[in-house]
Amino acid sequence: MIDGVVFKKLVKHCDDRGTFMEILREDDGILERFGQASVSMTYPGVVKAFHYHEHQDDVWYFPVGNAQVVLHDLRESSPTAGQTDVYYMGEENPSILLIPKGVAHGYRVLGHKPAMIVYFTTRPYNPDHPDEHRLPWDDPAIGFDWRTRFR
């Protein structure tokens, strides 16, 4: 696992009324501070990648749909510099993922329905000085193949 990344399996409580699930708690010790919560919907097959932040950490959660999440460690001083990890998140695998600053991240929606991502950041978005640096989805330095491999 890339240094500093936290993957937390979520616990869903079910009864005859429905379900309840905590996503992120202050006492989880995952975020050093809380900045903003946002939500986004993405259509099937879309790849949203790559970007990274210099000052903020992200926590991702997919309550609707399923996604293949790809991380690549850009931090030169990290013991996992240059490492790429893949996570499968969403309805079929309820979980959250802490993405540290300096780790490039992106995702591809899997299946035939849109995916919704809810994400939490340690800093609010500043349109005058956005902490968002983009890389191409097919960046050759990362070299990730987004195609599904049929086995």
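The notes below deal with the structure included here. This one's a predicted model, so the numbers in the text were calculated from it and none came from an experiment.

1. Considering the overall build of the protein chain
A tally of helices and strands in the protein chain yields zero helices and 12 strands. Each helix and strand of the protein chain, ordered N terminal to C terminal, gives the series β-β-β-β-β-β-β-β-β-β-β-β. The C-alpha atoms of the protein chain give 16 Å as radius of gyration, which agrees with the globular expectation for 151 residues (15 Å, within 12%). Along the first, second and third principal axes, the C-alpha atoms of the protein chain reach 50 × 40 × 30 Å. Across the 151 residues in the protein chain, those meeting the buried criterion constitute 41%.

2. Some remarks on the layout of surface pockets
Of the volumes computed, that of the largest pocket is approximately 510 Å³. Only β4 (36-42), β5 (47-52), β6 (58-64), β10 (103-110) and β11 (115-121) provide two or more residues apiece to the lining of the largest pocket. Along the lines of polarity and charge, the residues of the lining of the largest pocket split into seven nonpolar, 11 polar and six charged.

3. Details of the pattern of salt bridges
Applying the stated rule across the entire model yields 10 salt bridges. A salt bridge links R75 to D73, with the shortest nitrogen-to-oxygen separation between them at 2.8 Å. One exposure class covers both R75 and D73, and it is buried. Measuring nitrogen to oxygen at the nearest pair gives 2.8 Å for the salt bridge that ties D145 to R147. What emerges from the salt-bridge pattern is a single network uniting E22, R25 and D27.

Thresholds, definitions, all that
Residues numbered from 1 in each chain as written. Predicted model: local features only at pLDDT ≥ 70, side-chain atom pairs only at ≥ 80, totals over all residues. Heavy atoms only, no water. Helix = DSSP H or I, 4+ residues; strand = E, 2+ residues; numbered from the N terminus. Rg over C-alpha atoms; globule rule 2.2 N^0.38 Å. Buried < 20%, exposed > 50% of the residue type's maximum accessible area, 1.4 Å probe, protein only. 1 Å grid on protein atoms, 1.4 Å probe; cavity = no way out; pocket = protein on both sides within 12 Å on 5 of 7 lines; lining within 4 Å. Points joined across faces, edges and corners; volume = space filled by probe spheres on them. Nonpolar A, V, L, I, M, F, W, Y, C, P; charged D, E, K, R; others polar. Salt bridge = Lys/Arg side-chain N within 4 Å of Asp/Glu carboxyl O.

Any functional reading would require information beyond the geometric quantities listed.
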